[in-house]
Amino acid sequence: PLIAIAGDCAESAYILRPLNDNNGDDPSTNYAMMCEIECGATVGSIGIGYEDFCFTPQQNGYAKIYVPCYEKDKVLVFALGNGEDDDSNDGW
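Every value quoted in this text rests on a predicted model; they were computed, and no experiment measured them.

A. Structural context of the sheet that holds strand β4 (residues 47-49). Read from one edge to the other, the open sheet built from three strands follows the order β4-β5-β6, with strand pairing classed as antiparallel. The open sheet terminates on both sides in strands that have one partner only, identified here as β4 and β6 (74-79). Neighbouring strand axes in the sheet, compared pairwise and without regard to direction, differ in orientation by 25° on average. Where strand β5 (residues 64-69) meets β6, six bridges bridge the pair, whose relative direction is antiparallel. Each bridged residue has a counterpart across the sheet, and for Lys64 the counterpart in β6 is Ala79.

Below, the structure written as structure tokens:
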């Protein structure tokens with residue numbers, strides 16, 4: 001599973017993804033940063049939902065990540081998907 005972390009005073013949120021290496025370590029402890037979401041404001045608790053967000057085109061059934069940015073009075077929303085529209089081929 002992916003892990004979302006609110007960086008609060010770092011003014012960023014972080015998404016971690018599991019590593020697929022077989023170096024003998026417990027696989028549940030091998031994660032790498034998938035992305036950093038720079039908010040430029042205090043980050044509140046991250047929310048995750050599976051409902052479609054407004055009327056924006058998106059793939060159904062995938063998680064939406066909600067990142068509140070307090071001083072900017074905004075909530076950033078990121079929709080995950082299967083990556084078919086992405087040219088990268090790293091499995092994420």
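Don't stop here, the text continues.
B. Highlighting the sheet that holds strand β2 (residues 12-18). The strand order across the open sheet formed by three strands is β1-β2-β3, and the pairing between neighbours is antiparallel. Pairing within the sheet leaves two strands with one partner each, and these edge strands are β1 (3-6) and β3 (31-38). Each adjacent strand pair in this sheet contributes to an overall mean axis angle of 25°, direction not counted. As paired strands, β1 and β2 are joined by four bridges and run antiparallel to one another. Counted as the bridge partner of Ile5 is Tyr14 from β2.

C. Structural view of the nonpolar core. With nine residues, the main nonpolar core is built from Ala13, Ile15, Ile37, Cys39, Ala41, Val43, Ile65, Val67 and Cys69. Residue assignment for this core shows that the elements contributing at least two residues are β2 and β5. The biggest single contributor to this core is β5, with three residues. Ignoring sequence-local partners within four residues, the contact set of Cys69 consists of Cys39, Ala41, Thr42, Lys74 and Leu76.

What counts and how
Residues numbered from 1 in each chain as written. Predicted model: local features only at pLDDT ≥ 70, side-chain atom pairs only at ≥ 80, totals over all residues. Heavy atoms only, no water. Pairing = 2+ DSSP bridges. Helix = DSSP H or I, 4+ residues; strand = E, 2+ residues; numbered from the N terminus. Axes fitted to C-alpha atoms, helices over the stretch in contact; angles between N-to-C directions. Core = buried A, V, L, I, M, F, W, Y, C linked by side-chain atoms within 4.5 Å. Buried < 20%, exposed > 50% of the residue type's maximum accessible area, 1.4 Å probe, protein only. Contact = heavy atoms within 4.5 Å.

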